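Structure assessment
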Amino acid sequence: GGIRCVDTHIGRLFEFLKEKNLYDDTLIILTSDHGESLGEKGLYFQHGSSIYESSLKSTLIFRYPKLIPMGKIISSRIQNIDIIPTVLDMMDIPLLDKIDGVSLMPLIRGKSNKARDYIFAESAEEHLKENERIFKSGVKGKWRTMIIDDWKIIYIPHPEKEIFELYNLKNDPKEENNLIDKEGKIASIIKKSLFD
């Protein structure tokens, strides 16, 4: 119902823009803050408290025919913090302060195939008790992740012993094979980056 409602109102907005001859002159960005767990890893509707791929991946669609080719698909990993620098770059507005995001325009223009060297994310605070792997409450219990190239490490705080998981997302996109004990060298490099 929620998806249908949003879809209906976005449709109304698009029709208005078309009626006013503004549709092709308007930068349209559709995005979300996170995906949703629908049973993956035994998690349902975690709404931001999981950092597995089903929750971490989200929608990002830009439409602005003057600068963005129709149908262009970018497979490089990016973060929502990259939206603001991208919009400013499109409008030729310089950044006045240093920010964490990067412009996606080099990717859009085909001048680069990678937006950033790493991705970092942390979970929301867990409010649903269905996740039996929340060992600390509040901010101290937030999970953290870092993705470098095809490798993704997950850190889960535990009062007795920290828990780490390591996945190769290229070979294991569903995160079914935890390689933390098999790939110690890679794990230690990404752990260091995660906590630096």
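None of the values given here were measured: they were computed from a predicted structure. (Residues numbered from 1 in each chain as written. Predicted model: local features only at pLDDT ≥ 70, side-chain atom pairs only at ≥ 80, totals over all residues. Heavy atoms only, no water.)

**Quick word on the sheet that holds strand 6 (residues 163-168)**
Read across the sheet, four strands follow the order 3-4-5-6 without closing on themselves; strand pairing throughout is antiparallel. Two strands lie at the open edges of the sheet, namely strand 3 (119-122) and strand 6, each paired on one side alone. Put simply, the sheet's adjacent strands are angled 15 degrees from each other on average, direction ignored. Sheet analysis places strand 4 (residues 144-148) next to strand 5 (residues 151-156), joined by five bridges and oriented antiparallel. Considered in strand 5, the bridge of Met146 is made with Ile153. Set on the sheet, helix 5 (residues 184-195) makes contact with strand 3, strand 4, strand 5 and strand 6; between it and strand 5 the angle comes to about 60 degrees. (Pairing = 2+ DSSP bridges. Helix = DSSP H or I, 4+ residues; strand = E, 2+ residues; numbered from the N terminus. Axes fitted to C-alpha atoms, helices over the stretch in contact; angles between N-to-C directions. Contact = heavy atoms within 4.5 Å.)

**Comments concerning the packing of aromatic side chains**
In the structure shown here, the tally under the stated rule is five aromatic pairs. On the numbers, 5.9 Å between centres and 90 degrees between planes, the contact of Tyr52 with Trp143 is edge-to-face. Placement of the pair is Tyr52 in the loop between strand 1 (28-31) and helix 2 (53-56) and Trp143 in the loop between strand 3 and strand 4, with a sequence separation of 91 residues. Since its relative accessible area comes to 4%, Tyr52 is described here as buried. Residue class for Trp143 comes out buried when judged on its relative accessible area of 1%. One aromatic cluster is present, built from ring pairs that chain together Tyr155, Phe164 and Phe195. One cation-aromatic arrangement involves Lys18 over Tyr23; the distance from NZ or CZ to the ring centre is 4.7 Å. Over the ring of Phe164 we find Lys191; its NZ or CZ atom is 4.2 Å from the centre of that ring. (Phe/Tyr/Trp six-rings, centres within 6.5 Å; stacked < 30°, edge-to-face > 60°. Buried < 20%, exposed > 50% of the residue type's maximum accessible area, 1.4 Å probe, protein only. Lys NZ or Arg CZ within 6 Å of the ring centre and 35° of its normal.)

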